[in-house]
Every structure is written in C-alpha cells, then in structure tokens.
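Commentary on secondary and tertiary structure
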Amino acid sequence: DRFRGKRVKYKSIPALLCLLMLSTQGIARDVAQTEEIPAEKLDAIRELMRVTNAQANRTDFAAAFAQQMLSILRTSNPDLSEKAVQIVTDEVTTMVNKELDDESLQLMIYPIYARYLTLEELEGLIKFNESAVGKRANQVMPKLMQESLEAAQAWAQMVGPKMSDKVLERFQEEGIPVRAAQK
C-alpha cells in the first residue's frame, strides 16, 4: 500500500468544490429557460451542436478539467503519486462523460443558443455546417483557434510592457501617484 504512513493533504479539494459550486450560479435559471424554448428551435440547437461536433471534444474537456484539478492538488501535494493522478483522470473522465450523456451541460447551453440565434439562423448554420466548407471549417477550427490564441498570447507579451509604460507615463503626466508592479 503506497499510501500507508503517508499523510496526504486534501485541504484544496473543498476549495475546488466550492469554486466549482460558485461557478455554476445561474444554472437553475438556464435549465428552466430550456423548458421555454420551442421544440422546433430546441431540435435545431441540438442538430447544430451535432453537426459541429460540439461534444467531440469531451476527451479534451475531461483532460483539461483533470489537469486543473491536478494542478490544484499538487500545490499542497507536490509528490502526488501516479496512482493518484490516474484516479483523478479516471474519475473526471467518467464524470464528464456521464454528465454530458445526461445533457447536464447542454441544458445550460441550449438557452444561450436560443437567446442569440433565431430558428432561421440556426437552420442556416446547420446547412452551412453540413456543406463541404462547413465540415472543413469544423475540422480545422480547433487548431485554428489554438494557434490564434498562442499568437494573441505572444502579441500580448510583446505589447503588454509598452502599454504599461505608456499608462505609467500618462499617470505621471497627470500627477496620479501609483506604484509600478514589481517585475
């Protein structure tokens, strides 16, 4: 037994659960709104999510969730065992798959789609996403978004210091006392 005699700190787990509970405010409202979406529009939302493979990234979603949990756990447990890592990965993956199968996330997302898209717009998006161009867009979009995010982060690192210098310079011109962040 690898854990016998070892004291494992789980103080961060309640904090993580608290954070997760706080991040779900408004869920009841959105789920209730799902019941108010006309059936034809709800069907169109579901179809759009299907043709765009909205759930195809459940593996990535579970991996990201597990990594976040592991990161929090490792702050107070730097020597977290491989077995513990595997348990987190297994449990998170199982839970994500079950919840997505139960549509618990989708029930929160449907009202958002309904709020911003008309039935006609949904039908147009479905038609586009079923076309060759739409299928190609869905195929490359995850990589396109990832690389665009990386480019934006690099740009922010490049421009950020210049912005800070300009803001501090303007504060000085205006006589506004501030302390510069320590580098």
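These lines cover the structure that appears in this document, whether it is placed above or below. Keep in mind that what you see is a predicted model, and the values were worked out from it rather than measured.

Basis of the calculations
Residues numbered from 1 in each chain as written. Predicted model: local features only at pLDDT ≥ 70, side-chain atom pairs only at ≥ 80, totals over all residues. Heavy atoms only, no water. Helix = DSSP H or I, 4+ residues; strand = E, 2+ residues; numbered from the N terminus. Buried < 20%, exposed > 50% of the residue type's maximum accessible area, 1.4 Å probe, protein only. Polar contact = N/O pair within 3.5 Å; in protein donor to acceptor, adjacent residues only side chain to side chain. Contact = heavy atoms within 4.5 Å. Patch = residues over 30% accessible without salt bridge, like charges linked within 9 Å, V, L, I, M, F, W, Y side chains within 5 Å. Areas by Shrake-Rupley, 256 points an atom, 1.4 Å probe, with all protein chains shown as cover. Salt bridge = Lys/Arg side-chain N within 4 Å of Asp/Glu carboxyl O. Axes fitted to C-alpha atoms, helices over the stretch in contact; angles between N-to-C directions. Parallel < 35°, antiparallel > 145°, perpendicular 65-115°, else oblique. Left-handed = near helix turned anticlockwise from the far one by under 90°. Nonpolar A, V, L, I, M, F, W, Y, C, P; charged D, E, K, R; others polar.

Considering the side chain of Arg 58
Within the secondary structure, Arg 58 sits in helix α4 (residues 58-76). Take Arg 58: its relative accessible area is 18%, and that puts it in the buried class. Within polar-contact distance, the side chain of Arg 58 engages the side chain of Asn 97 at 3.2 Å. Of the polar contacts made by the side chain of Arg 58, one reaches the side chain of Asp 101; its length is 3.1 Å. In this view, Arg 58 contacts Val 96, Asn 97, Leu 100 and Asp 101; residues no more than four positions away in its chain are not counted.

Brief notes about a nonpolar patch on the surface
On the surface, Met 141, Leu 144 and Met 145 cluster together to form a nonpolar patch covering roughly 270 Å² of accessible area. Along the polypeptide, Met 145 turns up in helix α8 (residues 132-174).

Quick notes on the packing of helix α3 (residues 39-51) against helix α7 (residues 119-130)
One way to put it is that α3 packs onto α7 with a least axis distance of 9 Å and a crossing angle of 25°. Between α3 and α7, the angle falls in the class roughly parallel. Viewed along their axes, α3 and α7 form a crossing whose handedness is left-handed. For the pair α3 and α7, the contacting residues are Glu 40, Lys 41, Ala 44, Ile 45, Glu 47, Leu 48, Arg 50 and Val 51 in the first and Leu 119, Leu 122, Glu 123, Leu 125, Ile 126, Asn 129 and Glu 130 in the second. For the contact of α3 with α7, the class distribution of residues is eight nonpolar, one polar and six charged.

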